[in-house]
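Spelled out from the first residue to the last, the chains are:
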Amino acid sequence: MAALAVVFALAVNRVVPALSPAVVAVVAGAALANVAGVGERLKPGLAFVSRRVLRVAVALLGLQIALPQVLALGWQTLAVVAVATGVTFAVTPLAGRRLGLTRGASLLVATGVSICGAAAIAAMHESTDASDDDDAAGALGVVVLYGTAAIAAIPLLASVMGLSSAQLAVWTGAAVHEVAQVAAIGAASGVLATAVTVKLGRVLLLAPMVALFSGRTRDAGSRPPVVPLFVVAFLAMVALRSTGQVPAAVTDTIPQVTGVLMAAALFGLGTGIDLRKLLKGGRIVLLGGIATAVITAVSLAGTALLV
């Protein structure tokens, strides 16, 4: 079932590149669960892909990040990424609390908006005890809604404000949620390579954020806080890629492999979503708008000042 969902997600992604296979897969999983239902025979396999396969996908994501390429962006760009991500992570939970949302929902929105969309949400959801599947569904919806809107809005605003190509690339990579959405803007604007590299600099922050919050959000009765092994594997893959010894055939193929595994994992996660509960939760959409506005404004200010 997960394999069929991946084939469908890849087909949709070919037609609409801005929709990553992972996002399409989670929507397909939710549709299946809420329209036809998920039989008991499928649940063990879907639990496997939503946990074990997810961990492998996140670990392999590290092979897409080479530290020398990220560091070559310069301290100005790295400062924009770090400050925009940090401010968004700090502000979003505070806003979520004021809106009456759960700690888990606020954390997932903060993670998805500030780091790397669906992959970050899934990794944080897997690593903490604070969130449930409905929280994950709401956060994923936020990423799709505002990230898709950014594909049209960011280039338009950059043109109105007279930003240079270099500034557009940095702003896009530092502000837009999904790698696929960044790639869509970059390809249309002629800044693909730089925009995606900036985005991967944000993805690199996934490991420390997940490691930090996986300890802080565990219940008192659960096992002692540890860094999840798949986060350690992610960092190991980043280190391996940064040596420059990984063959080009591997680095060229790994994004597709990771995309397939992540789509399978998020399909499994999607089958646990109750859409009736999700549709009642307009506050998480508002929180997503606030978080998106924060990261967009902070990264724009930093880009205008430093780039």
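What you see is a predicted model; the values in this text were computed from it and never measured.

Parameters and conventions
Residues numbered from 1 in each chain as written. Predicted model: local features only at pLDDT ≥ 70, side-chain atom pairs only at ≥ 80, totals over all residues. Heavy atoms only, no water. Helix = DSSP H or I, 4+ residues; strand = E, 2+ residues; numbered from the N terminus. Rg over C-alpha atoms; globule rule 2.2 N^0.38 Å. Areas by Shrake-Rupley, 256 points an atom, 1.4 Å probe, with all protein chains shown as cover. Lys, Arg positive; Asp, Glu negative; His and termini not counted. Charge placed at Lys NZ, Arg CZ, Asp CG, Glu CD. Polar contact = N/O pair within 3.5 Å; in protein donor to acceptor, adjacent residues only side chain to side chain. Contact = heavy atoms within 4.5 Å. Axes fitted to C-alpha atoms, helices over the stretch in contact; angles between N-to-C directions. Parallel < 35°, antiparallel > 145°, perpendicular 65-115°, else oblique. Left-handed = near helix turned anticlockwise from the far one by under 90°. 1 Å grid on protein atoms, 1.4 Å probe; cavity = no way out; pocket = protein on both sides within 12 Å on 5 of 7 lines; lining within 4 Å. Points joined across faces, edges and corners; volume = space filled by probe spheres on them. Nonpolar A, V, L, I, M, F, W, Y, C, P; charged D, E, K, R; others polar. Buried < 20%, exposed > 50% of the residue type's maximum accessible area, 1.4 Å probe, protein only. Expected span 1.5 Å × (residues − 1). UniProt positions renumbered as here; feature names shortened; annotations may be inferred. Patch = residues over 30% accessible without salt bridge, like charges linked within 9 Å, V, L, I, M, F, W, Y side chains within 5 Å. Salt bridge = Lys/Arg side-chain N within 4 Å of Asp/Glu carboxyl O. Core = buried A, V, L, I, M, F, W, Y, C linked by side-chain atoms within 4.5 Å.

Participant: Before we go on, may I ask you to explain the overall build of the protein in this structure?
Facilitator: From N to C terminus, the protein includes 16 helices and 0 strands. Radius of gyration (C-alpha) of the protein: 18 Å, near the 19 Å computed for a compact globule of 307 residues. Each of the three principal axes of the protein carries a C-alpha extent, and together these read 55 × 50 × 45 Å. As displayed, the protein has an accessible area near 13400 Å², and 68% of this comes from carbon and sulfur atoms. The distance from the centre of the 19 positive side-chain charges to the centre of the 11 negative ones in the protein is 3 Å.

Participant: Is there a simple way to explain the side chain of Ser299 in this structure?
Facilitator: Tracing the backbone through its elements, the reader meets Ser299 in helix 16 (residues 282–306). In this structure the side chain of Ser299 is engaged in a polar contact, spanning 3.4 Å, whose partner is the side chain of Trp171. Apart from the residues lying within four places of it in its own chain, the contact partners of Ser299 are Val80, Ala84, Trp171, Ala174 and Ala175.

Participant: Help me understand the packing of helix 10 (residues 179–189) against helix 11 (residues 192–203), please; the structure alone is not making it clear to me.
Facilitator: For the pair helix 10 and helix 11, interaxial distance at closest approach is 8 Å and the crossing angle is 160 degrees. In terms of axis orientation, helix 10 runs roughly antiparallel to helix 11. Note that helix 10 runs across helix 11; the crossing there is right-handed. Within the contact between the two elements, helix 10 uses Val179, Val182, Ala183, Gly186 and Ala187 and helix 11 uses Leu192, Ala195, Val196, Lys199 and Val203.

Participant: Would you take a moment to explain the layout of surface pockets for this structure?
Facilitator: Remark: the empty space left among the atoms is shown by a probe the size of a water molecule rolled over them. Taken as a whole, the largest pocket encloses approximately 910 Å³ of empty space. Lining the largest pocket are 31 residues, with Gln64, Val179, Ala180, Pro255 and Gln256 sitting closest to its centre. The set of elements that each furnish at least two residues to the lining of the largest pocket consists of helix 1 (2–15), helix 2 (21–35), helix 7 (118–127), helix 10, helix 11 and helix 14 (248–270). Looking at the lining of the largest pocket residue by residue, the class counts come to 18 nonpolar, 9 polar and 4 charged.

Participant: Would you take a moment to explain the environment of Tyr146 for this structure?
Facilitator: Inspection of the secondary structure assignment puts Tyr146 in helix 8 (residues 133–161). Looking at Tyr146, the relative accessible area reads 22%, which means it is partly exposed. Sequence separation between Tyr146 and Gly288 is 142 residues, and the spatial gap between their C-alpha atoms is 7.7 Å. Apart from the residues within four sequence positions on either side, Tyr146 is in contact with His177, Val285, Gly288, Gly289 and Thr292.

Participant: How should helix 2 be read in this particular structure?
Facilitator: Structurally, the α-helix is built with 3.6 residues per turn, so residues lying three or four positions apart point the same way. Relative to the 21 Å expected for 15 residues at 1.5 Å per residue, helix 2 spans 21 Å between its end C-alpha atoms, a close match to the ideal helical length. Taken as a whole, helix 2 has its buried residues at Pro21, Ala22, Val23, Val24, Ala25, Val26, Ala28, Gly29 and Ala30. Backbone geometry just after helix 2 places Gly37 at a positive phi near 85 degrees.

Participant: In this structure, what is going on with the UniProt feature "transmembrane region" (unreviewed entry) in the protein? I would like to understand it.
Facilitator: In the UniProt entry, the feature "transmembrane region" (unreviewed entry) is given for residues 24–42, 54–71, 107–124, 136–156, 191–213, 225–242, 254–273 and 285–306. Helix makes up 100% of residues 285–306 and strand 0%, whereas the separation of the span's terminal C-alpha atoms amounts to 31 Å.

Participant: Looking at this structure, I do not really get the packing of helix 6 (residues 103–116) against helix 16. What am I missing?
Facilitator: Helices that pack against each other are described as a pair by the angle of their axes relative to one another and the distance between those axes. Between helix 6 and helix 16, whose axes approach to 10 Å, the crossing angle comes to 40 degrees. Note on packing geometry: the crossing formed by helix 6 with helix 16 is right-handed. Contacts between helix 6 and helix 16 pair Ala105, Ser106, Val109, Val113 and Ser114 from the former with Ile284, Leu287, Gly288, Ala291, Thr292 and Ile295 from the latter. In terms of residue class, the contact of helix 6 with helix 16 is built from 7 nonpolar, 4 polar and no charged.

Participant: Help me understand a nonpolar patch on the surface in this model?
Facilitator: There is a patch of nonpolar side chains on the surface, built from Trp75, Leu305, Leu306 and Val307 and spanning about 450 Å² of accessible area. Within the fold, Trp75 resides in helix 5 (residues 75–99). The class for Trp75 is exposed, based on a relative accessible area of 59%.

Participant: Help me understand the nonpolar core, please; the structure alone is not making it clear to me.
Facilitator: Burial of nonpolar side chains together is a common tendency in soluble globular proteins. Membership of the largest hydrophobic core comes to 70 residues, with the highest contact counts inside it found for Val58, Phe89, Leu206, Phe234, Met262 and Leu266. Ala2, Val6, Val53 and Ala264 belong to the second largest nonpolar core, which has 14 residues in total.

Participant: What exactly am I supposed to notice about empty space enclosed by the protein here?
Facilitator: Going through the model one piece at a time under the given rule, you end up with 1 cavity of 30 Å³ or more. Its boundaries defined by the atoms lining it, the largest cavity holds a volume of some 30 Å³. Around the largest cavity, the lining residues are Tyr146, Gly147, Ala150, Ala175, Val176, His177, Thr292 and Thr296. If you tally residues by element for the lining of the largest cavity, the top one is helix 8, at 3 residues.

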